[in-house]
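Report on the structure
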Amino acid sequence: MSTQALALLAATVALAAFVQGTSGLGFALIVAPVAGLLDPALLPVFVLASMIPLNAYVAWRERDSLDLRGAGWITGARLAATPLGLVLLWAIPDDRLGLFVGVATVLAALVSLAAPAFTPGRGAYLGAGLITGLTETATGVGGPPLALVYQHRPPAELRATIAVCFLVGEVASLALLFATGQGHPGQLLPALLLLPALAVGAWLSRLVHHRLDARRTRLFVLGFALVSGVVLMLG
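Residues numbered from 1 in each chain as written. Predicted model: local features only at pLDDT ≥ 70, side-chain atom pairs only at ≥ 80, totals over all residues. Heavy atoms only, no water.

Right, let's talk about the pattern of salt bridges for a bit. Summed over the entire model, instances satisfying the criterion amount to 3 salt bridges. Two residues, Glu62 and Arg61, come together in a salt bridge whose shortest N-O distance is 3.1 Å. An identical accessibility class is assigned to Glu62 and Arg61; each is buried. The salt bridge involving Arg159 is made with Glu62; its shortest N-O contact spans 2.9 Å. Remark: Glu62 occurs in the loop between α3 (45-61) and α4 (68-91) and Arg159 occurs in helix α8 (residues 155-179); sequence separation between them is 97 residues. With a relative accessible area of 7%, Glu62 lands in the buried category. Linked through salt bridges whose partners overlap, the residues forming this network are Arg61, Glu62 and Arg159. (Salt bridge = Lys/Arg side-chain N within 4 Å of Asp/Glu carboxyl O. Buried < 20%, exposed > 50% of the residue type's maximum accessible area, 1.4 Å probe, protein only. Helix = DSSP H or I, 4+ residues; strand = E, 2+ residues; numbered from the N terminus.)

Okay, here's the thing in structure tokens:
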């Protein structure tokens, strides 16, 4: 990867860490399409590995607002679906993975924008966990189903619960990818190189997360996802 591409990816990671640290979602929606355009081989390991320290930080910061019941149901379903996500990754040729990420990103953003308000229950938790297990293992993008479940809950609850669900799922997905040869430790190097950019974005989110309107931030994330997803599909 060229210096210019690495700088672009670093800026994208910092922005995405700030957005997710503030609103509770958006990292993968922002980073995955850009990473896919720069180097499809980065997906999904780079996105999954980058999100682990970010979600660990957000989960700790917002730990008092965690919805433990919802996180439990989502995590159980998400872990059960992880092997199916691996099958999906096997089934998609490398040169089609970017197109798949773009389509999945656009559809997920449209669903999240159009969904009416509702109170989540066990069925919603299980459905979100299953879909997240499929899409996040295959592409690194898993936030929209969880955001759909928690979008009408208090912002701190959304941030804390999604962070915990992501954290457990990302570790499981990476372990399975490495164990089956679909990923290797060398692919973690870009994530390690960009840890400073991630830390800057997370630190900035700490300064403003309690001040910003999370709904407006969410609309920004989903709008960005629509544009970047379309670009990735056309690229």
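So, next bit.
This brings us to unusual backbone geometry. Glycine aside, residues mostly have negative phi angles, and peptide bonds mostly take the trans form. A cis amide bond links Leu43 with the next residue in sequence, Pro44, at an omega value of -5°. Residue placement: Pro44 occurs in the loop between α2 (27-38) and α3.

This brings us to the packing of aromatic side chains. Taken as a whole and assessed by the stated rule, the structure comprises 1 aromatic pair. Centre to centre, the rings of Tyr125 and Tyr150 are 6.1 Å apart; their planes meet at 25°, and the pair counts as stacked. Of this pair, Tyr125 sits in helix α6 (residues 122-139) while Tyr150 is found in helix α7 (residues 143-150), placing the two residues 25 residues apart along the sequence. Accessibility assignment for this pair places Tyr125 and Tyr150 in one class, buried. Stacked on the ring of Trp60, the Lys or Arg Arg63 has its end atom at 3.8 Å from the ring centre. (Phe/Tyr/Trp six-rings, centres within 6.5 Å; stacked < 30°, edge-to-face > 60°. Lys NZ or Arg CZ within 6 Å of the ring centre and 35° of its normal.)

This is a description of form; function is not addressed.
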